[in-house]
Amino acid sequence: YRRPGSLYVSGHETPLLSDEGVTQGDNSAMGLYASSMMPLLTNLMLQSDDNIYKFLKQIWYADDAAAGGKLEDMARWWSMLCKHGPTYGYYPKASKSWIIVKPHYLDEAKRLFPDLNITDIGRKYLGSFIGTEEGKEKYVEDKIEEWANDIGELSKIASREPQVAYAAYIYGLSKRWNYVCRTTPQISHLLKKLEYKIRESFIPALLDRVFSCTDTCRRIFALPAREGGLSIYDISESCDGEYQNSCRMTERLTEAIYNQDSEYYDDMDALYQIKSDISTERVAFYKEKRQELYETLSDLEKLQLDLAAEKGASSWLTALPLKSYGFLLNKQEFSDAICLRYNLKLKNTATSCACGEMNTINHSLICKKGGYVSFRHNSLCKVTAELLTPLCKDVVLE
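Each value, and the rule that gives it
- Residues numbered from 1 in each chain as written.
- Predicted model: local features only at pLDDT ≥ 70, side-chain atom pairs only at ≥ 80, totals over all residues.
- Heavy atoms only, no water.
- Helix = DSSP H or I, 4+ residues; strand = E, 2+ residues; numbered from the N terminus.
- Rg over C-alpha atoms; globule rule 2.2 N^0.38 Å.
- Contact = heavy atoms within 4.5 Å.
- Core = buried A, V, L, I, M, F, W, Y, C linked by side-chain atoms within 4.5 Å.
- Buried < 20%, exposed > 50% of the residue type's maximum accessible area, 1.4 Å probe, protein only.
- Axes fitted to C-alpha atoms, helices over the stretch in contact; angles between N-to-C directions.
- Parallel < 35°, antiparallel > 145°, perpendicular 65-115°, else oblique.
- Left-handed = near helix turned anticlockwise from the far one by under 90°.
- Nonpolar A, V, L, I, M, F, W, Y, C, P; charged D, E, K, R; others polar.
- Salt bridge = Lys/Arg side-chain N within 4 Å of Asp/Glu carboxyl O.
- Phe/Tyr/Trp six-rings, centres within 6.5 Å; stacked < 30°, edge-to-face > 60°.
- Disulfide = S-S within 2.5 Å.
- Expected span 1.5 Å × (residues − 1).
- Bend = angle between axes of the 7 residues up to and from the residue.
- Patch = residues over 30% accessible without salt bridge, like charges linked within 9 Å, V, L, I, M, F, W, Y side chains within 5 Å.
- Areas by Shrake-Rupley, 256 points an atom, 1.4 Å probe, with all protein chains shown as cover.
- Pairing = 2+ DSSP bridges.
- Polar contact = N/O pair within 3.5 Å; in protein donor to acceptor, adjacent residues only side chain to side chain.

Participant: Report on the overall build of the protein, specifying residues and quantitative values.
Facilitator: Within the protein, the secondary structure is distributed over 15 helices and eight strands. The C-alpha radius of gyration computed for the protein amounts to 29 Å, which surpasses the reference 21 Å derived for 398 residues by more than 25%, pointing to a less compact arrangement than a globule. If you take every contact in the protein between residues at least 6 apart in sequence, the share linking residues at least 24 apart comes to 53%.

Given below as structure tokens:
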């Protein structure tokens, strides 16, 4: 940070000078930030003549500095940061800095911080929100609007590539609101709109059919895949619990920040135990949900849910759609697999079989006139031949 870094290109002796600093995504970035910021933090502590840090709490995340306390103490801290920061290559920018105050301190804040942005409503901080309830709700509603638009776009993709869209939702998009739920309290009522979008837009697109998702179907799909569901959770039911779990995991770190403990270290055994307890409680939570649902199902629906929850029955669903490994299913294959999993009617199938019986899924799989018996036999022969070909000579399919 004191001088540009030297980048050497193969075949050239003169280096390129780079002012970019740490590369985004570098695993060592946070450690480098911590090492480079600690001398500045230590200097700020030593420069305090009246020990303002008894009341002022500062916290740094990479190069994002934040502090909380009385306005007079904050003004002295800001002054010292602006004075000593450039010595260590840290240049605070007033135009990018914000002061969050209570309404009755707004005039005093404007007097002490004439160059900084000031708000009595609140402001986004590290992916969550600090401020009033109204400001928090406005922030979350804006995020929900953004996520709902993303779900709409993903639903369009699901109409063409449902398996890819499902994987993108499970392993990507859903993680966005999971983070907000873990860092922002009491927002379950706001997430109902997001749940409605998932229920009425994404799930029908995923199943390749126009229908109103019933309460029973939604409760099944909200179960983990290992319990027979689709892992499309109803986040409005679990967000408050996720916030409490996050507080449990970060309790010691929160105390260290509040006490300004400069010698904090993670107790990995304690964190592992808390994480294990949370995982156990989460499993118990969904088992209880499943049992409550199970009691309302018919005998056929119970059997269907039991079969979907058997060991290995969901491995095709949770696998990433990697084409090179043969895990990618086309639109019809994925839609049919979901229909078979939940005993839904297959699309574009005849009502009656050629033998005169009703053409149900079970009948189509056992009727000798339909061809599926031969298809299964030929499929086994083909797989066996593919496995034997590298090992044996003259493997032939009859």
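Participant: If you had to explain the nonpolar core to someone new, which residues and values would you point to?
Facilitator: Among the nonpolar cores identified, the biggest contains 47 residues, and Tyr 169, Trp 177, Leu 191, Leu 194, Phe 202 and Ile 232 are the most heavily contacted of them. In terms of residue count, helix H5 (residues 162–183) provides more of this core than any other element does, eight residues in total. The contacts of Trp 177, once residues within four sequence positions are left out, are Trp 147, Ile 151, Tyr 169, Leu 194, Ile 198 and Ile 235.

Participant: Explain the packing of H5 against helix H6 (residues 192–207) to me, and be specific about the residues and the numbers.
Facilitator: As a packed pair, H5 and H6 sit with axes 11 Å apart at the nearest point and diverge in direction by 165 degrees. By the angle class used here, H5 and H6 are roughly antiparallel. The chirality of how H5 crosses H6 is left-handed. Contact residues: H5 offers Pro 162, Ala 165, Tyr 166, Tyr 169 and Trp 177, while H6 offers Leu 194, Ile 198, Phe 202 and Leu 206. Its residues placed into classes, the contact of H5 with H6 shows nine nonpolar, no polar and no charged.

Participant: Could you give me a rundown of the environment of Trp 177, with the residues and numbers involved?
Facilitator: Inspection of the secondary structure puts Trp 177 in helix H5. As a C-alpha pair, Trp 177 and Ile 235 span 58 residues in sequence and 8.4 Å in three-dimensional space.

Participant: Would you mind going over the pattern of salt bridges in detail, with residue names and values included?
Facilitator: Throughout the structure, instances matching the rule amount to 17 salt bridges. Glu 146 is the salt-bridge partner of Lys 143, the closest N and O atoms lying 4.0 Å from each other. In this pair, Lys 143 and Glu 146 are both assigned in helix H4 (residues 133–158), three residues apart and thus about one turn of the helix distant. On the basis of relative accessibility, which here comes to 19%, the residue Lys 143 falls in the buried class. Accessibility expressed as a relative area gives 37% for Glu 146, which makes it partly exposed. Salt bridges linked by common partners bring Glu 227, Lys 287, Arg 290 and Asp 306 together as one network.

Participant: Any details on the packing of aromatic side chains? Residues and values, ideally.
Facilitator: Both the distance between ring centres and the angle between the ring planes are used here to describe each pair of aromatic rings. Counted under the stated rule, the structure contains 11 aromatic pairs. For the pair Tyr 169 and Phe 202, a centre-to-centre distance of 4.9 Å together with 25 degrees between the ring planes defines the contact as stacked. With Tyr 169 in helix H5 and Phe 202 in helix H6, this pair connects stretches of sequence that are 33 residues apart. By relative accessible area, which is 2% here, Tyr 169 ends up buried.

Participant: Help me get a handle on the state of the cysteines, residues and values and all.
Facilitator: For the coordinates displayed, the defined rule picks out zero disulfides. Free of any disulfide, Cys 181 has its nearest neighbouring cysteine sulfur in Cys 239, separated by 4.7 Å.

Participant: With reference to specific residues and values, describe H5.
Facilitator: For H5, built from 22 residues, the straight-helix expectation of 32 Å at 1.5 Å per residue is met to within 8% by its first-to-last C-alpha distance of 31 Å. Of all the bends found along H5, the most pronounced is centred on Tyr 169 and spans about 45 degrees.

Participant: Hey, could you go over a nonpolar patch on the surface for me, with residue numbers and the actual values?
Facilitator: Together, Tyr 171, Leu 320, Leu 322, Tyr 325 and Phe 327 make up an exposed nonpolar region whose accessible area comes to about 530 Å². With respect to the helices and strands, the residue Phe 327 is situated in the loop between helix H12 (315–318) and helix H13 (331–342).

Participant: Explain the pairing of strand S8 (residues 128–131) residue by residue, including any values.
Facilitator: Each regular strand displays side chains that alternate between the two surfaces of the sheet. Sheet topology places strand S7 (residues 122–125) next to S8; four bridges connect them, and they run antiparallel. Across the sheet, the residue bridging to Lys 124 is Phe 129, located in S8. Where S7 folds back onto S8 in an antiparallel hairpin, the turn is made up of two residues, including Leu 126, whose phi is positive at roughly 50 degrees.

Participant: Tell me what's going on with the side chain of Asn 245, and back it up with residues and numbers.
Facilitator: Tracing the backbone shows Asn 245 in helix H8 (residues 235–249). Given a relative accessible area of 15%, Asn 245 falls into the buried group.

Participant: So what about H8? Which residues, and what values?
Facilitator: Given a rise of 1.5 Å per residue, 15 residues ought to cover 21 Å, and the 20 Å separating the end C-alpha atoms of H8 matches this to within 8%. Along H8, the residues that are buried comprise Ile 235, Ser 236, Ser 238, Cys 239, Glu 242, Asn 245 and Ser 246. Buried residues in H8 make contact with H5, H6 and helix H10 (268–294).

Participant: Kindly report on the environment of Thr 119, identifying the contributing residues and their values.
Facilitator: Summarising the element assignment, Thr 119 is placed in strand S6 (residues 117–119). By relative accessible area, which is 10% here, Thr 119 ends up buried. For the pair Thr 119 and Glu 237, spaced 118 residues apart in sequence, the C-alpha to C-alpha distance is 32 Å. Among the polar contacts listed, one links the side chain of Thr 119 to the backbone nitrogen of Ile 121, at a separation of 3.1 Å.

None of the figures reported here should be taken as evidence of function without further support.
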